[in-house]
Amino acid sequence: DQRRVRGRRDETMLGSRLSLLSSPVPARRMSAQLFDRVLKRKHKSRAAVSTRSLEFDYLRDDIADRLTDRLHDITRQFPRALDLGANNGHVLRSLKDGRGGIRTLVMAEESEEALHRTDDPLPGIQVDKVVADDELLPFAEDSFDVVVSSCSLQWANDLVGSLIQANRCLKKDGLLLCAIPGGDTLKELRSSFSMAEQERDGGVSPHISPMVSVRDAGDLLVRCGFAMPTVDVDEISVVYPDAYVLMDHLRGMAGSNVLFGRREYVPRETIHAMAAIYQSMYSEPEGGVRATFEVISMTAWKPDVAQPKPKERGSADVSMHDLASALETDISTISELSTPEESTK
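Thresholds applied
- Residues numbered from 1 in each chain as written.
- Predicted model: local features only at pLDDT ≥ 70, side-chain atom pairs only at ≥ 80, totals over all residues.
- Heavy atoms only, no water.
- pLDDT = per-residue confidence, 0-100.
- Contact = heavy atoms within 4.5 Å.
- Axes fitted to C-alpha atoms, helices over the stretch in contact; angles between N-to-C directions.
- Helix = DSSP H or I, 4+ residues; strand = E, 2+ residues; numbered from the N terminus.
- Parallel < 35°, antiparallel > 145°, perpendicular 65-115°, else oblique.
- Nonpolar A, V, L, I, M, F, W, Y, C, P; charged D, E, K, R; others polar.
- Left-handed = near helix turned anticlockwise from the far one by under 90°.
- Buried < 20%, exposed > 50% of the residue type's maximum accessible area, 1.4 Å probe, protein only.
- Salt bridge = Lys/Arg side-chain N within 4 Å of Asp/Glu carboxyl O.
- Phe/Tyr/Trp six-rings, centres within 6.5 Å; stacked < 30°, edge-to-face > 60°.
- Lys NZ or Arg CZ within 6 Å of the ring centre and 35° of its normal.
- Lys, Arg positive; Asp, Glu negative; His and termini not counted.
- Polar contact = N/O pair within 3.5 Å; in protein donor to acceptor, adjacent residues only side chain to side chain.
- Pairing = 2+ DSSP bridges.

A.B. asks: Help me out: how do you make sense of the confidence of the model for the chain in this one?
C.D. replies: In low-pLDDT regions, the fine details of the predicted coordinates are not to be read closely. Looking at the chain as a whole, its pLDDT mean stands at 85, while 85% of the residues score no less than 70. Within the model, the stretch residues 8-31 combines pLDDT values under 50 with 93 contacts to residues more than four positions away or in other chains. This model gives residues 339-345 a pLDDT under 50, and the stretch forms eleven contacts once residues within four places in sequence are excluded.

Dropping the structure here:
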């Protein structure tokens, strides 16, 4: 998917802190303190009270809509829902068509300014807003039918702990919908900054936030007590006039760098060099430069005895040859997806 964004060059961005999301690494240790969450809350509040705040909702609104669209594929209803890391109400806006049968939505957000930026009601849904840290949830056990978290938990120092708490406040057989940026997010900006800093400053500073990789996401959900995890990836391509406008939009989305040990100031010359490299390497034929946003979407359920269970290994009664014949394909195509033991049956 690709969209084109118009914008203006904002000179106040030169030298500002910038977050480059992200590089894939294994799941974070629970004790690691990677992010200055007090500063992140200030960034969210600053972005929410800006007169241009609504201008930067497009990406988070799109991701929230894609995430909650999965509720259309589930026949169940989820009357009571938690929006974990609600920010400016992106998940709430995605529920306007009644998806999921949600009747009560509790919005939990650490920034009061972001939480109350827009207080417009949504017909048919009771909205309760709670100022809360997504690393320390104040909700009782078995409180919600579904927990939705859209582009919030990537800033958690204790990602495992946050997901365990989300599991705890879900009812049995409750649903988790979670979206976080993936490792290819802003890969163009990341590489451009790395080359510019190596050329101008003789090294690369820590602009990049560590993230869970796609291959580890399912294991992470199981580790946190969830069942039947499903993980998929969307890639959204956005075209900006230039790298300066891209940085302006990242700042407007409260995406500035909050890593401990971050570089406090990026020289103006380094940013100019980065913008020139970006333009030369990632320009579009019709003008502008592209930016990639990779989104990892995770779906999982709180365990319940009534949930379907996988059959025991080796209990299949259809051979791989019969399956290949029914699908009108070569058996080698199916064998690549099976274990050596299964492929010989």
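Having seen it, we continue.
A.B. asks: I keep staring at the packing of helix α8 (residues 243-252) against helix α9 (residues 268-282) and nothing clicks. Help me out?
C.D. replies: Geometry of a packed helix pair, given as the angle between the helix axes and the separation of the axes. Taken N-terminus to C-terminus, the directions of α8 and α9 make an angle of 115 degrees; their axes are 9 Å apart at the nearest point. By the angle class used here, α8 and α9 are roughly perpendicular. Packed against α8, whose contacting residues are Ala243, Tyr244, Leu246 and Met247, the element α9 presents Ile271, His272, Met274, Ala275 and Tyr278 at the interface. Looking at the contact of α8 with α9, its residues break down into eight nonpolar, one polar and no charged.

A.B. asks: What is the right way to read the packing of helix α6 (residues 187-201) against α9 from this model?
C.D. replies: Look at α6 against α9: their axes get within 8 Å of each other, and the N-to-C directions meet at 130 degrees. Taken as axis vectors, α6 and α9 run oblique relative to one another. Regarding α6 and α9, the two cross each other, and that crossing is right-handed. On α9, the residues touching Glu188, Leu189, Ser191, Ser192, Phe193, Met195, Ala196, Glu197, Glu199, Arg200 and Asp201 of α6 are Glu269, Thr270, Ile271, Ala273, Met274, Ile277, Tyr278, Met281 and Tyr282. Grouping the constituent residues of the contact of α6 with α9 by class yields eleven nonpolar, three polar and six charged.

A.B. asks: What is the right way to look at helix α2 (residues 58-68) in this model?
C.D. replies: The periodicity of an α-helix, 3.6 residues per turn, causes residues three or four positions apart to be oriented the same way. The element α2 is extensively covered by neighbouring structure, given that eight of its eleven residues are classed as buried. By the burial criterion, the buried members of α2 are Tyr58, Leu59, Arg60, Asp62, Ile63, Ala64, Leu67 and Thr68.

A.B. asks: Explanation requested: the pattern of salt bridges in the structure shown.
C.D. replies: Pairing of side chains with opposite charge becomes possible as their charged atoms draw close. What the rule picks out here adds up to 22 salt bridges. Between Lys44 and Glu109 there is a salt bridge; the shortest N-O distance is 3.3 Å. Of this pair, Lys44 sits in helix α1 (residues 37-49) while Glu109 sits in strand β4 (residues 104-109), and the two are 65 residues apart along the sequence. On the accessibility criterion, Lys44 (7% relative accessible area) is buried. A salt bridge links Asp234 to Arg66; the nearest nitrogen and oxygen atoms lie 3.9 Å apart. Here Asp234 is found in strand β9 (residues 227-240), whereas its partner Arg66 is found in helix α2, with 168 residues between them in sequence. One network of salt bridges, with partners in common, ties together Arg37, Lys44, Glu109, Glu110, Asp133, Asp134 and Glu135.

A.B. asks: Any chance you could explain the packing of aromatic side chains here in plain terms?
C.D. replies: Given two aromatic rings, their pairing is described by the distance between the two centres and the angle made by the two planes. According to the stated counting rule, one finds four aromatic pairs in the structure shown. Judged by centre distance (5.6 Å) and plane angle (80 degrees), the rings of Phe35 and Trp155 are edge-to-face. Note that Phe35 is positioned in the loop between β2 (20-25) and α1 and Trp155 in the loop between β6 (144-150) and α5 (159-169), a separation of 120 residues in sequence. Residue class for Phe35 comes out buried when judged on its relative accessible area of 2%. When its relative accessible area of 4% is taken as the criterion, Trp155 is described as buried. Between Phe139 and Phe144 the ring centres are 5.3 Å apart and the planes differ by 85 degrees, which places this aromatic pair in the edge-to-face class. Residue classification places Phe139 among the buried residues on the basis of a relative accessible area of 14%. Residue placement shows Lys40 over the ring face of Trp155; its charged tip is 3.9 Å from the ring centre.

A.B. asks: Please explain unusual backbone geometry as it appears in this structure.
C.D. replies: Negative phi values dominate among residues other than glycine, just as trans dominates among peptide bonds. Backbone geometry at Asp142 places phi at a positive 60 degrees, although glycine is not the residue there. Considering the arrangement of structural elements, one finds Asp142 in the loop between β5 (126-131) and β6.

A.B. asks: What should I look at first to understand the side chain of Glu294 in this one?
C.D. replies: Secondary-structure assignment places Glu294 in strand β10 (residues 289-301). There is no salt bridge for the buried Glu294, and the closest opposite charge comes from Lys187, which lies 7.5 Å off by N-O distance. Among the polar contacts made by the side chain of Glu294, one reaches the main-chain amide nitrogen of Gly183 at a distance of 2.9 Å. If near-sequence neighbours (up to four positions away) are discounted, Glu294 is found in contact with Ile180, Pro181, Gly182, Gly183, Asp184, Thr185, Val233, Asp234 and Glu235.

A.B. asks: When you look at the pairing of β6 in this model, what are you seeing that I'm missing?
C.D. replies: A regular strand places its side chains on the two faces of the sheet in alternate fashion. Counting buried positions over the seven residues of β6 gives seven, a clear majority of the element. The sheet contact formed by strand β3 (residues 80-84) and β6 spans three bridges and is parallel. Bridged to Ala81 within β6 is Val146. As paired strands, β6 and strand β7 (residues 170-181) are joined by six bridges and run parallel to one another. Counterpart to Ser150 in the pairing with β7 is Ala179.

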